[in-house]
Amino acid sequence: MSVQDQGLGIALEDQKRIFEQFERAVALGSAYGLGLGLYIVRQIVEAHGGLVSVRSVVGAGSTFTVELPRASSSRG
């Protein structure tokens, strides 16, 4: 599943750290939030055996992608 925006974009050097607790890609005071949303997303996705990633270009927006494993069939 992917979600795309056309916002400010995220600099390459910030893309890894935005998934950490209390991290933000924008300067304090220029946007609202605690820096927990993407951290929580990563925790939930990884708990289900998945991965979350971002592709972004400054000035052109971002695409966040969640990849989850397929459920194995337990029917016999």
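As a reminder, the structure under discussion sits directly above these lines.
Conventions and cut-offs
- Residues numbered from 1 in each chain as written.
- Predicted model: local features only at pLDDT ≥ 70, side-chain atom pairs only at ≥ 80, totals over all residues.
- Heavy atoms only, no water.
- Helix = DSSP H or I, 4+ residues; strand = E, 2+ residues; numbered from the N terminus.
- Contact = heavy atoms within 4.5 Å.
- Pairing = 2+ DSSP bridges.
- Axes fitted to C-alpha atoms, helices over the stretch in contact; angles between N-to-C directions.
- Buried < 20%, exposed > 50% of the residue type's maximum accessible area, 1.4 Å probe, protein only.
- Phe/Tyr/Trp six-rings, centres within 6.5 Å; stacked < 30°, edge-to-face > 60°.
- Salt bridge = Lys/Arg side-chain N within 4 Å of Asp/Glu carboxyl O.

Engineer: Honestly, the overall build of the chain in this entry has me stumped. Any pointers?
Structural biologist: For the chain, the count of helices and strands is two helices and three strands. In sequence order, the secondary structure elements of the chain are arranged as β-α-α-β-β. For the chain, restricting intrachain contacts to residue pairs at least 6 apart in sequence, the fraction spanning at least 24 positions comes to 45%.

Engineer: Can you walk me through the sheet that holds strand S3 (residues 61–67) in this structure?
Structural biologist: By way of backbone hydrogen bonds, the strands of a sheet pair with one another, either parallel or antiparallel. Taken together, three strands build an open sheet; the order of strands is S1-S3-S2 and the sheet is antiparallel. Each end of this open sheet is capped by a strand with a single partner; those strands are strand S1 (2–4) and strand S2 (51–57). For this sheet, the mean inter-axis angle between neighbouring strands, taken without regard to orientation, is 15°. The pairing of S2 with S3 spans seven bridges and is classified as antiparallel. Pairing of Val-57 across the sheet is with Gly-61, part of S3. The strands touched by helix H2 (residues 37–47) within the sheet are S2 and S3, with S2 carrying the most contacts at an inclination of about 140°.

Engineer: Would you take a moment to explain the environment of Ser-53 for this structure?
Structural biologist: If you trace the backbone, Ser-53 turns up in strand S2. Classification of Ser-53 as partly exposed rests on a relative accessible area of 32%. As for Ser-53 and Thr-63, which are separated by ten residues in sequence, their C-alpha atoms are 8.3 Å apart. Here Ser-53 is in contact with Phe-19, Thr-63, Phe-64 and Thr-65, once residues within four sequence places are set aside.

Engineer: Before we go on, may I ask you to explain the packing of aromatic side chains in this structure?
Structural biologist: Any aromatic ring pair is given by two values, namely how distant the centres are and how the planes are angled relative to each other. Counted by the stated rule, this structure contains one aromatic pair. Measuring from centroid to centroid gives 6.4 Å for Phe-19 and Phe-64, while their planes differ by 75°, and the two rings are edge-to-face. You can see Phe-19 sitting in the loop between helix H1 (12–15) and H2 and its partner Phe-64 sitting in strand S3, a full 45 residues away along the chain. In this structure Phe-19 comes out as buried when scored by relative accessible area, which is 7%.

Engineer: Even after reading the chapter, I still don't get the pattern of salt bridges, so can you show me in this structure?
Structural biologist: Side-chain pairing between opposite charges can occur once the charged atoms of the two side chains come close. This structure, assessed with the given rule, holds four salt bridges. Linking Arg-42 and Glu-46 is a salt bridge whose minimum nitrogen-to-oxygen distance equals 3.9 Å. You can see Arg-42 and its partner Glu-46 sitting in helix H2, four residues apart, about one turn around the helix. Glu-46 sits in the partly exposed class, given a relative accessible area of 44%. What you see here is one network of salt bridges that share partners, running through Asp-14, Arg-17 and Glu-23.

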